[in-house]
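Tertiary structure, described
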Amino acid sequence: MWRLLTQFRVSRAIGVAAELGIPKFLARHPHTLAQLAADTGAHEPSLLRLLHLLVAVGVLSEDESGRFALTDLGDELREENLGPLARFFVSHHEWAAWGRLDHSIKTGGRAFDLVYGMRTWEFYSEHPAEAAVFDAAMQALTRPVAEGVATSYDFGTIETVVDVGGGDGTMLIGVLRHHPTVRGILFDRPHVIERARARLEEAGLAERVELVAGSFFEEVPAGAGAYHMKSILHDWEDHEAVAILKRCREAATADGARLLVVERLLSERIGPDDLDSLLSDLNMLALPGGRERTEAEFGGLFEQAGFELRRTIPIGPLFHILEATPI
Ligand SMILES: C[S@@+](CC[C@H](N)C(=O)[O-])C[C@H]1O[C@@H](n2cnc3c(N)ncnc32)[C@H](O)[C@@H]1O
């Protein structure tokens, strides 16, 4: 119990190390305290106390000459691994909202709105630095899932995929790289679409992806073969999720059009394997105001919007593709 109660201090300490860029510096070569203090600009005696905690939890090692290095566990904090997620989990807005989780549990309201006076998506549109931290975290989370979707799903006859709320394009980049005949439409809010443009150009895919800015509560681009949504429905309460699905249903006019929803699934009977999804569920409650769901719950939402759930395909340990077709 002691460990569970103090775990948030460990998370914060690891996140601060990530914010300071310590994994990046140590990935190059082991550093002494003085070198790390110079590289990070941190207060040397206090930095030492942080480094010692990180040694105690197995993230860093310290050799006899006082040089610090990443352990195998610490290696996970490198930029190409979980570094962006470490920075996001301890970012001020995430941390401040979790600090008022009590509000969400007592009232069902969004702790985020209590702290910031607005919803998350509005906040990100007004705070580009925080939005960049969020985007980088989504990219780190979505990259391996995109690989899984691209290799586990048969895109054979699909000409165009709309990625609804597709963020910075990570999912479309993964799918289009594996399927050279597929074209994409990236649909998201205007400020997000602007950030995605550069990434798609960098990936050499700008010509195969049309960028469309809008709101999925109003209208979604019509006539595509597939409507893909990853980590969208879990951001919203049921009535909002049904509204988004209805806009997709109205747009899914092509013969054989299908809906591909990529989400975590809660078990019907909660067990230890659900821990990550349950943490995400509370995060959805406190921040965007959504929830994680079971397969049956998704099936029910699909039906209300005019889709039928056909099958569920697991993608790695966390995510599933839920495939549905218009009724
Ligand atoms: C949790 S992120 C998921 C991003 C991406 N699908 C992924 O999994 O990497 C949710 C996305 O929904 C977008 N979004 C929020 N409200 C929206 C709206 N009304 N219309 C379109 N997109 C919206 C956000 O900008 C964000 O990119």
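The notes below deal with the structure included here. (Residues numbered from 1 in each chain as written. Predicted model: local features only at pLDDT ≥ 70, side-chain atom pairs only at ≥ 80, totals over all residues. Heavy atoms only, no water.)

Moving on: the site of the ligand. The immediate surroundings of the ligand are formed by 19 residues, with Thr142, Gly165, Asp188, Phe216 and Lys230 found nearest. The separation between a nitrogen atom of the ligand and a polar main-chain atom of Phe216 is 2.9 Å. Contacts to the ligand include Lys230, whose backbone N or O atom sits 2.8 Å from a nitrogen atom. In isolation the ligand offers 590 Å² of accessible surface; the protein chains occlude 94% of this area. Considering every element that reaches the shell around the ligand, the biggest residue donor is helix 11 (residues 128-152), with three residues. (Near = heavy atom within 4 Å. Polar contact = N/O pair within 3.5 Å; in protein donor to acceptor, adjacent residues only side chain to side chain. Areas by Shrake-Rupley, 256 points an atom, 1.4 Å probe, with all protein chains shown as cover. Helix = DSSP H or I, 4+ residues; strand = E, 2+ residues; numbered from the N terminus.)

With mixed pairing, seven strands are arranged side by side in an open sheet as 6-5-4-7-8-10-9. Either end of the sheet is taken by a strand with one partner, and the two such strands are strand 6 (209-213) and strand 9 (307-315). Averaged over all pairs of adjacent strands, the angle between their axes in this sheet comes to 20 degrees, without regard to strand direction. Of the strand pairs in this sheet, strand 9 and strand 10 (residues 319-326) are connected by eight bridges, and their pairing is antiparallel. Its bridge partner being in strand 10, Pro314 is matched across the sheet by His320. Against the sheet, helix 14 (residues 238-251) engages strand 4 (160-164), strand 7 (226-230), strand 8 (258-264), strand 9 and strand 10, with an angle of about 160 degrees to strand 7. (Pairing = 2+ DSSP bridges. Axes fitted to C-alpha atoms, helices over the stretch in contact; angles between N-to-C directions. Contact = heavy atoms within 4.5 Å.)

A word on the pattern of salt bridges. Under the defined criterion, the tally for this structure stands at 16 salt bridges. Glu80 is the salt-bridge partner of Arg78, the closest N and O atoms lying 3.3 Å from each other. We classify Arg78 as partly exposed; its relative accessible area is 25%. Where salt bridges share partners, they join Asp75, Arg78 and Glu80 into one cluster. (Salt bridge = Lys/Arg side-chain N within 4 Å of Asp/Glu carboxyl O. Buried < 20%, exposed > 50% of the residue type's maximum accessible area, 1.4 Å probe, protein only.)

Turning next to the packing of helix 11 against helix 12 (residues 170-178). It is the contact of helix 11 with helix 12, at a shortest axis distance of 8 Å, that shows an interaxial angle of 30 degrees. What the angle tells us is that helix 11 and helix 12 run roughly parallel. Remark: the crossing between helix 11 and helix 12 carries right-handed chirality. Seen from helix 11, the contacting residues are Gln139, Thr142, Arg143, Val145, Ala146, Glu147, Val149, Ala150 and Thr151; seen from helix 12, they are Thr170, Met171, Gly174, Val175 and His178. Residues of the contact of helix 11 with helix 12, tallied by class, amount to six nonpolar, six polar and two charged. (Parallel < 35°, antiparallel > 145°, perpendicular 65-115°, else oblique. Left-handed = near helix turned anticlockwise from the far one by under 90°. Nonpolar A, V, L, I, M, F, W, Y, C, P; charged D, E, K, R; others polar.)

This part covers the environment of Ala17. Summarising the element assignment, Ala17 is placed in helix 1 (residues 2-20). Taking the C-alpha atoms as reference points, Ala17 and Ala137, separated by 120 residues in sequence, lie 16 Å from one another. Discounting chain neighbours no more than four positions away, the residues touching Ala17 are Ile22, Pro23, Leu50 and Leu54.

This brings us to the sheet that holds strand 1 (residues 31-32). Read from one edge of the open sheet, three strands run 1-3-2, paired in antiparallel fashion. Both outer strands of the open sheet, strand 1 and strand 2 (60-62), are each paired with one neighbouring strand and no more. Sheet topology note: the strand 2/strand 3 (residues 67-70) ladder contains three bridges and is antiparallel. Bridging from a neighbouring strand, Glu62 pairs with Phe68 of strand 3. Helix-sheet contacts for helix 4 (residues 44-56) involve strand 2 and strand 3, and the interaxial angle to strand 2 is about 105 degrees.

The interhelical angle for the contact between helix 14 and helix 16 (residues 295-305), taken along N-to-C directions, is 50 degrees, at an axis separation of 8 Å. Viewed along their axes, helix 14 and helix 16 adopt a mutual orientation that is oblique. Taken as a pair, helix 14 and helix 16 cross one another with a handedness that is right-handed. Of helix 16, the residues touching helix 14 (which contributes Asp238, Ala241, Val242, Leu245, Lys246 and Arg249) are Leu301, Phe302, Gln304 and Ala305. A class-by-class count of the residues in the contact of helix 14 with helix 16 yields six nonpolar, one polar and three charged.

A word on the environment of Glu147. Among the structural elements, Glu147 can be located in helix 11. Glu147 sits 143 residues away from Leu4 along the chain, and the two C-alpha atoms are 34 Å apart. For Glu147, the side chain forms a polar contact with the side chain of His178, separated by 3.4 Å.

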